[in-house]
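Working through the structure, step by step
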2 protein chains.
Amino acid sequence: MEDPVAKFMDVHSGFVGVTAKQLEEAHGRDLAIEADEGVHFERAWLDPEAGKVFCLATGPSKEAIMRIHERAGHPTGEVYELPIEV
Amino acid sequence: MEDPVAKFMDVHSGFVGVTAKQLEEAHGRDLAIEADEGVHFERAWLDPEAGKVFCLATGPSKEAIMRIHERAGHPTGEVYELPIEV
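One structure accompanies this document, and this report is about it.

**Details of the overall build of chain A**
What chain A contains, in helices and strands, is two helices and five strands. Computed over the C-alpha atoms, the radius of gyration of chain A is 12 Å, within 12% of the 12 Å expected from 2.2 N^0.38 for a compact globule of 86 residues. Relative to its full complement of 86 residues, chain A shows a buried share of 49%. Residue pairs at least 24 apart in sequence account for 67% of intrachain contacts in chain A once pairs closer than 6 positions are excluded. For chain A, the exposed surface amounts to about 4,200 Å²; the carbon and sulfur share of it is 52%. Averaging the coordinates of the 8 positive side-chain charges in chain A and doing the same for the 17 negative ones gives two points 3 Å apart.

**Here we look at the sheet that holds strand E4 (residues 79-81) of chain A**
Strand order in the open sheet formed by five strands is E4(A)-E1(A)-E3(A)-E2(A)-E5(B), and the pairing between neighbours is antiparallel. Each edge of the open sheet carries a strand with a single partner, namely E4 of chain A together with strand E5 (84-85) of chain B. Judged from the three bridges that link them, strand E1 (residues 6-12) of chain A and E4 of chain A form a sheet pairing that is antiparallel. Note that in E4 of chain A the partner of Met 9 of chain A across the bridge is Tyr 80 of chain A. In the packing of helix H1 (residues 20-33) of chain A onto the sheet, the strands contacted are strand E2 (40-47) and strand E3 (52-59) of chain A together with E5 of chain B, and the crossing angle to E2 of chain A comes to about 155°. Packed on one face of the sheet, helix H2 (residues 62-71) of chain A meets E1, E2, E3 and E4 of chain A and runs near 45° to E1 of chain A.

**Some words on H2 of chain A**
Residue and element names in this part refer to chain A. Of the positions making up H2, those classed as buried are Ala 64, Ile 65, Ile 68 and His 69. Projected down its long axis, H2 shows its buried positions confined to an angular sector of 130°, all on one face. For H2, exposure combined with an orientation more than 90 degrees from the buried face picks out Glu 70 and Arg 71. In this structure, the buried side of H2 is in contact with E1, H1, E2, E3 and E4. Phi turns positive, to about 95°, at Gly 73, one or two residues after H2.

**Digging into the pairing of E2 of chain A**
Two strands pair when backbone bridges link them, and E2 of chain A and E3 of chain A are joined in this way by seven bridges, in the antiparallel orientation. Its bridge partner being in E3 of chain A, Leu 46 of chain A is matched across the sheet by Val 53 of chain A. Taken together, E2 of chain A and the strand that follows it, E3 of chain A, pair antiparallel across an intervening segment of four residues, in which Gly 51 of chain A is found at a positive phi of about 75°. The sheet contact formed by E2 of chain A and E5 of chain B spans two bridges and is antiparallel.

What counts and what doesn't
- Residues numbered from 1 in each chain as written.
- Chains lettered and ligands numbered in written order.
- Predicted model: local features only at pLDDT ≥ 70, side-chain atom pairs only at ≥ 80, totals over all residues.
- Heavy atoms only, no water.
- Helix = DSSP H or I, 4+ residues; strand = E, 2+ residues; numbered from the N terminus.
- Rg over C-alpha atoms; globule rule 2.2 N^0.38 Å.
- Buried < 20%, exposed > 50% of the residue type's maximum accessible area, 1.4 Å probe, protein only.
- Contact = heavy atoms within 4.5 Å.
- Areas by Shrake-Rupley, 256 points an atom, 1.4 Å probe, with all protein chains shown as cover.
- Lys, Arg positive; Asp, Glu negative; His and termini not counted.
- Charge placed at Lys NZ, Arg CZ, Asp CG, Glu CD.
- Pairing = 2+ DSSP bridges.
- Axes fitted to C-alpha atoms, helices over the stretch in contact; angles between N-to-C directions.
- Arc of directions from axis to C-beta.

Function cannot be inferred from these measures alone, as they are strictly geometric.
Shown next, in the form of structure tokens:
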């Protein structure tokens, strides 16, 4: 079942040493095309030492999130749907 | 260097099938003792199918976060410091 307002966290690895400017550019590439899939990337957090990025997004499905990230040049298969939040 | 307002994401695995009520209880156990370490757990998101929990927190260090989670009964070694956010 696809919920139009489902929430997702996706995780990217390999972003060691990435700067705030580079993250902003990468995030901007998502924002530029996210409407094509009804997705919205709300926020992204980076640990530049571990090279991990966490993106919080809303959208219709995991696959929609993955398609936007892939087209934006930073594919990930690690996307979690978050029906429960406290 | 320990920044008193550093931000962290920690990840827990093995929470398959956990309910909203159970997550709230687990989160409540963190909140009840977090002040001991100058930590604050802002939010937690759960994917009950994958069994993943993501907690966003502020505090003085990764170790402080880990100590609270361990005392609350859900230890994790996977804590990321997030100096960059977009």
